[in-house]
Amino acid sequence: HPLMTIIDTKRTNDYVNTFLSHYKYGGLLPVWELNANETFCMIGYHSVPVIVDAWVKGIKGFDGKYAFEAMKHSSNLNHLGLEAYRKYGHIPGDKEPESISKTLEYAYDDYCINQMALKLDKPDITQEYKTRSEAYKLIFDKSTGFMRAKKSDGSFVIPFDPLSTEKQGFIEGNAWNYSLYVPHNPAHMIELMGGKKPFIQHLDS
C-alpha cells in the first residue's frame, strides 16, 4: 500500500473508498476480506494505516471525516480483545491467547488514528489515541529485553520462552519477532532496550 500511494493514487483512493463501503454496509472497516466477506482471520484493524497514509500524503478522494468516524468505530468495538485493551491499556494474557501480538498491532493502528486526529484538528481525541499507541510500554520486560504477556493483575505470564509460539501471547511469531514491533516509535524502543549498543546486539542476535 505505501508503494501504491506513490505509483497509483487513483487505485489508492479506490481502496480507501472500498474500505469505507465495508464500514457503511457491514458496520466496521475490513480486517481480512475474502470474496466480499469478512473472515477475521488476521488481527488488528489495518485498514486504518492505509487510510491515514493516503490522507497525510495528500490523496484525499474520500471523505476524511467519515473515514475518521469509521476508524474510531472499528477501534472501539468489544471484540477480538479490544474491550480488555481499552480497560487495561494492553490485552492481558489471561483474556486473549494472542494478547501481545494484538496489543502491539492495535497500538500501531491507534498511533495512525492519532495522526489523523492531528490532521483533522481534533485535539480532544489525539491524547486518547496517543495513550493507546503507547501500550507497548506496559508489556515490555526490561529484565529479558522482550515483550511479554501479562496477567490481569499485572504480573508476567510464566514460564517464558522467547523462541516459543505456544501460550506466549503471539500469533504466527514469537517474542523475537514481535518485541521489535513498535514502528511508530523506534527511538523509544531503543531507549527501552537500554540504548543503541544493547539494541544493536539484540538485532545481531
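This structure is a prediction, so every number in the text was calculated from the model and none was measured.

Draft legend 1. Geometry of the side chain of Thr103. Mapping Thr103 onto the fold places it in helix 6 (residues 99–119). At a separation of 2.7 Å, a polar atom in the side chain of Thr103 contacts the main-chain carbonyl oxygen of Ser99. Discounting chain neighbours no more than four positions away, the residues touching Thr103 are Tyr85, His90, Ile91, Ala135 and Ile139.

Draft legend 2. Expanded view of the packing of aromatic side chains. Counting across every chain of the model gives ten aromatic pairs. Both rings, one in Tyr45 and one in Tyr106, keep their centres 5.1 Å apart while their planes meet at 20 degrees; by these two values the pair is stacked. Note that Tyr45 is positioned in the loop between strand 2 (37–38) and helix 3 (47–56) and Tyr106 in helix 6, a separation of 61 residues in sequence. Exposure class is identical for Tyr45 and Tyr106. Each is buried.

Draft legend 3. Expanded view of the pattern of salt bridges. Evaluated as defined, the whole model comprises nine salt bridges. For Asp14, the salt bridge identified is with Lys10, shortest N-O distance 3.2 Å. Of this pair, Asp14 and Lys10 are both found in helix 2 (residues 9–26), four residues apart, which corresponds to roughly one turn of the helix. In this structure, Asp53 and Lys57 form a salt bridge, with 3.3 Å as the shortest nitrogen-oxygen distance. The class of Asp53 is buried, set by a relative accessible area of 19%. Sharing partners across several salt bridges, the network here consists of Glu96, Glu98 and Lys102.

So, how was this worked out
- Residues numbered from 1 in each chain as written.
- Predicted model: local features only at pLDDT ≥ 70, side-chain atom pairs only at ≥ 80, totals over all residues.
- Heavy atoms only, no water.
- Helix = DSSP H or I, 4+ residues; strand = E, 2+ residues; numbered from the N terminus.
- Polar contact = N/O pair within 3.5 Å; in protein donor to acceptor, adjacent residues only side chain to side chain.
- Contact = heavy atoms within 4.5 Å.
- Phe/Tyr/Trp six-rings, centres within 6.5 Å; stacked < 30°, edge-to-face > 60°.
- Buried < 20%, exposed > 50% of the residue type's maximum accessible area, 1.4 Å probe, protein only.
- Salt bridge = Lys/Arg side-chain N within 4 Å of Asp/Glu carboxyl O.

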